[in-house]
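# Chain and residue survey
Spelled out from the first residue to the last, the chains are:
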Amino acid sequence: MSTTPLPRIALVALVVRDYDEAIAFYRDALGFTVVEDTARGDGSRWVVVRPGGGAGGTDLLLARAHGEEQSASVGAQAGGRVGFFLHTDDFARDHARMTAAGVRFLEEPRHEPYGSVAVFEDLYGNRWDLLQPA
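Now for a quick tour of the structure. (Residues numbered from 1 in each chain as written. Predicted model: local features only at pLDDT ≥ 70, side-chain atom pairs only at ≥ 80, totals over all residues. Heavy atoms only, no water.)

## Focus: the overall build of the chain
Within the chain one finds three helices and nine strands. Mapped in sequence order, the helices and strands of the chain form the string β-α-β-β-β-α-β-α-β-β-β-β. The C-alpha radius of gyration computed for the chain amounts to 16 Å, which stays within 12% of the reference 14 Å derived for 134 residues, consistent with globular compactness. In terms of its C-alpha atoms, the chain occupies a principal-axis envelope of roughly 45 × 45 × 25 Å. Taking as baseline every contact in the chain between residues at least 6 positions apart, the subset at least 24 positions apart corresponds to 53%. Put simply, the chain shows about 7900 Å² of open surface, and 52% of that area lies on carbon and sulfur atoms. Across the chain, the 13 positively charged side chains and the 19 negatively charged ones have centroids separated by 1 Å. (Helix = DSSP H or I, 4+ residues; strand = E, 2+ residues; numbered from the N terminus. Rg over C-alpha atoms; globule rule 2.2 N^0.38 Å. Contact = heavy atoms within 4.5 Å. Areas by Shrake-Rupley, 256 points an atom, 1.4 Å probe, with all protein chains shown as cover. Lys, Arg positive; Asp, Glu negative; His and termini not counted. Charge placed at Lys NZ, Arg CZ, Asp CG, Glu CD.)

Set out below in structure tokens:
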């Protein structure tokens, strides 16, 4: 067996309408940290945000939509399903903080065998689970 670490998913691209409004939502409402925001010279930017500021997870690349096809995917990247899962170690704390910040939860918190969970939407309508695993 090899002891070489396997590759990991480092970034997931999330198509957004506008860099600054997306940064404001993910930073201010969800508590993400802006890891990088670099102008690329062609009017686009390389914008990376990270949940909770900790390393080791998967970061989001906020990618501004270009053209009609990409613009049509804003808010529908998972076809209406929950497509993103935000783990927490304190569900009640983060649910209360996010609610106070204006995050729109689509349901009341549920306590399932796999953990405490509630579905919310980001500013574009993408569905997320806030989840504290059991």
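## Observations regarding the nonpolar core
Tyr 26, Leu 62 and Phe 120 are the most contacted members of the largest nonpolar core, which has 28 residues in total. At the level of elements, strand E1 (11–16), helix H1 (19–29), strand E3 (45–50), strand E4 (59–64), strand E5 (82–87), helix H3 (91–100), strand E8 (115–121) and strand E9 (127–133) are the ones that each hand at least two residues to this core. Among the elements that take part in this core, H1 stands out by supplying six residues, more than any other. (Core = buried A, V, L, I, M, F, W, Y, C linked by side-chain atoms within 4.5 Å. Buried < 20%, exposed > 50% of the residue type's maximum accessible area, 1.4 Å probe, protein only.)

## Comments concerning the environment of Thr 58
Summarising the element assignment, Thr 58 is placed in the loop between E3 and E4. Of the residues examined, Thr 58 reaches a relative accessible area of 35% and is grouped as partly exposed. Each C-alpha atom of the pair Thr 58 and Arg 8 lies 8.6 Å from the other, and the pair is 50 residues apart in sequence. Not counting residues up to four positions away in its chain, the partners in contact with Thr 58 are Ile 9, Ala 10, Leu 11, Val 12 and Pro 51.

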